[in-house]
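Overview (structure and organization)
Listed here are the chains, written in short residue letters.
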Amino acid sequence: MPEHEPAVPVRETAEEIATMEIRGAATIASAAAEALAEQARAAADGGPTASDPAAFRASMRAAARTLRETRPTAVSLPNALRYVLQRMEGDDVDRLRRSVVDASGAFVRQLDRAQEDLGRVGANRLADGDTVMTHCHSTDALACIEAAVDQGKSISAVVKETRPRQQGHITAEALRDAGVPVTLIVDSAARRYLDEVDHVVVGADSIAADGGVINKIGTSGLAVNARERGVPIMTAAQTIKLHPETLTGHTVEIEMRDETEVIDPEAREEIGEVAVENPAFDVTPPRYMDAIVTEQGQFPPESIVTLMRELFGEGAAEPWAEP
């Protein structure tokens, strides 16, 4: 492996994250942490990085940058990289390798526990007989519904298909497998079906220090409609989705995806010269969200900054950057 070039598993993971073959904040974070462990093993296996601690560290930073550049909005990705790289320590390559592999393993184990704990917290907000509405596909949101079912509650779901990639189909299948009766609807029918819904449950790609929820495009409009209809809405999000950089004034970059997700080239040519935009996310202001549920409990959106400071301090380092 040439010096500083990411190992094949890192490049493959980066490609799968970029193309959304790997999706969902927790899944992305877990894959990134495991890719860093693979990088550590490969870097310690041969070449200059196997004997030079400085070269090993540089190769780890380069691998992290490759992963970091794939999804700018998915904050769980840099949080995973921070967790692993900040625990990289040692005076020789063997110790450095072990520290990275151990940190990656610890991070993945924490992720596994976090979703189960979060699910129990969110399930307590759902009552027997509730109908919930979902948007996009969130394993955290699913964990809340599945935990409520495990508690013996009867839950049904109205699932928005979530264009343009129709991630709602994944949610519908998962809920069906969990024994939840599902009604799949087109996105534009959400307001009508809110009259039949007791709770809206969504996930988050990241959460800002002011309690703003960055999630799949359409979440903000759904939240506004839910508030107008008097339907409570909660965000289910592990703490890896908190965006510590927003503590120091950074704004969250909204990913613009390829127009071919919205319209195929043949239809584009037939329609003629029009602009096509495909924002992946929007921001829901905290005033439209009732609660943010995490593995550490539920919080009013405006108070999430307290938890963020407790976990990350007043800012966020970038250990993947060149010194």
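Residues numbered from 1 in each chain as written. Predicted model: local features only at pLDDT ≥ 70, side-chain atom pairs only at ≥ 80, totals over all residues. Heavy atoms only, no water.

An unreviewed UniProt entry annotates the protein chain as Ribose 1,5-bisphosphate isomerase originating from Halorubrum yunnanense. Regarding the protein chain, the relevant UniProt record gives this comment under Catalytic activity (unreviewed entry): "alpha-D-ribose 1,5-bisphosphate = D-ribulose 1,5-bisphosphate". (UniProt positions renumbered as here; feature names shortened; annotations may be inferred.)

**Side note on the overall build of the protein chain**
Of regular secondary structure, the protein chain possesses 11 helices and 10 strands. Along the three orthogonal principal directions, the C-alpha set of the protein chain runs to about 65 × 50 × 40 Å. Looking at the protein chain as a whole, 52% of its 323 residues are labelled buried. Long-range contacts, defined as pairs at least 24 residues apart, comprise 78% of the intrachain contacts of the protein chain with a sequence gap of at least 6. In the form shown here, the protein chain has an accessible surface area of approximately 14000 Å², with 46% of it arising from carbon and sulfur atoms. Counting 32 positive and 54 negative side-chain charges, the protein chain places the centres of these two groups 4 Å from one another. (Helix = DSSP H or I, 4+ residues; strand = E, 2+ residues; numbered from the N terminus. Buried < 20%, exposed > 50% of the residue type's maximum accessible area, 1.4 Å probe, protein only. Contact = heavy atoms within 4.5 Å. Areas by Shrake-Rupley, 256 points an atom, 1.4 Å probe, with all protein chains shown as cover. Lys, Arg positive; Asp, Glu negative; His and termini not counted. Charge placed at Lys NZ, Arg CZ, Asp CG, Glu CD.)

**Details of unusual backbone geometry**
In this chain, arginine 163 is followed by proline 164 through a cis amide linkage whose omega measures 5°. Assignment of secondary structure puts proline 164 in the loop between β2 (156-160) and α7 (168-177). With phi around 65°, cysteine 136 is a residue other than glycine that occupies positive phi space. In this fold, cysteine 136 is placed in the loop between β1 (131-134) and α6 (139-150). Overall, cysteine 136 belongs to the buried group, its relative accessible area being 10%.

**Brief notes about the pairing of strand β9 (residues 291-294)**
Side chains Ala291 and Val293 project from β9 onto one buried face, and the interleaved Ile292 and Thr294 project onto a second face that is buried too. Bridge count between strand β7 (residues 233-236) and β9: 3 bridges; the pairing is parallel. Following the sheet pairing, threonine 235 is matched in β9 by isoleucine 292. As paired elements, β9 and strand β10 (residues 297-299) share 3 bridges and run antiparallel to each other. Bridging across to β10, threonine 294 finds its partner in glycine 297. (Pairing = 2+ DSSP bridges.)

**Overview of the sheet that holds β7**
The pairing of strands in a sheet comes from backbone hydrogen bonds and takes either a parallel or an antiparallel form. Taken together, 7 strands build an open sheet; the order of strands is β3-β2-β1-β4-β7-β9-β10 and the sheet is mixed. In this open sheet, the two strands that pair with only one neighbour each are β3 (182-185) and β10. Neighbour to neighbour, the strand axes of the sheet diverge by 25° on average, direction disregarded. Contacts between helix α9 (residues 219-229) and the sheet are confined to β1, β2, β4 (199-202) and β7, with β4 contributing the most and set at about 160° to the helix. (Axes fitted to C-alpha atoms, helices over the stretch in contact; angles between N-to-C directions.)

**Focus: the packing of aromatic side chains**
According to the stated counting rule, one finds 1 aromatic pair in the structure shown. Centre to centre, the rings of tyrosine 83 and phenylalanine 107 are 5.1 Å apart; their planes meet at 50°, and the pair counts as tilted. Placement of the pair is tyrosine 83 in helix α4 (residues 76-85) and phenylalanine 107 in helix α5 (residues 93-123), with a sequence separation of 24 residues. The residues tyrosine 83 and phenylalanine 107 share a single accessibility class, namely buried. Above the plane of the ring of tyrosine 83 lies arginine 87, whose end atom (NZ or CZ) is 3.6 Å from the centre. (Phe/Tyr/Trp six-rings, centres within 6.5 Å; stacked < 30°, edge-to-face > 60°. Lys NZ or Arg CZ within 6 Å of the ring centre and 35° of its normal.)

**Remarks on the UniProt feature "binding site: substrate" (unreviewed entry) in the protein chain**
Within this structure's numbering, the places UniProt gives as "binding site: substrate" (unreviewed entry) are Arg23, Gly24, Ala25, Ala26, Arg71, Asn215, Lys216 and Lys241. Along the polypeptide, glycine 24 turns up in the loop between α1 (8-18) and α2 (25-43). Residue classification places glycine 24 among the partly exposed positions, given a relative accessible area of 22%. The topology assignment puts alanine 25 in helix α2. With residues up to four places along the chain from it excluded, the contact list for alanine 25 reads Ser76, Ala204, Ile240 and Lys241.

**Side note on the pattern of salt bridges**
As a working rule, side chains carrying opposite charge can pair if their charged atoms are close by. A full pass over the atoms with the stated rule returns 21 salt bridges. Across the salt bridge formed by arginine 41 and glutamate 38, the nearest N and O atoms sit 3.0 Å from each other. Here the residue arginine 41 and the residue glutamate 38 both occupy positions in helix α2, the gap between them amounting to 3 residues, near one helical turn. The class of arginine 41 is partly exposed, set by a relative accessible area of 38%. A relative accessible area of 34% places glutamate 38 in the partly exposed class. The residue arginine 268 makes a salt bridge to glutamate 259 at a minimum N-O spacing of 2.9 Å. Taken together, the shared-partner salt bridges connect Arg71, Arg165, Glu255, Arg257 and Glu261 into one network. (Salt bridge = Lys/Arg side-chain N within 4 Å of Asp/Glu carboxyl O.)

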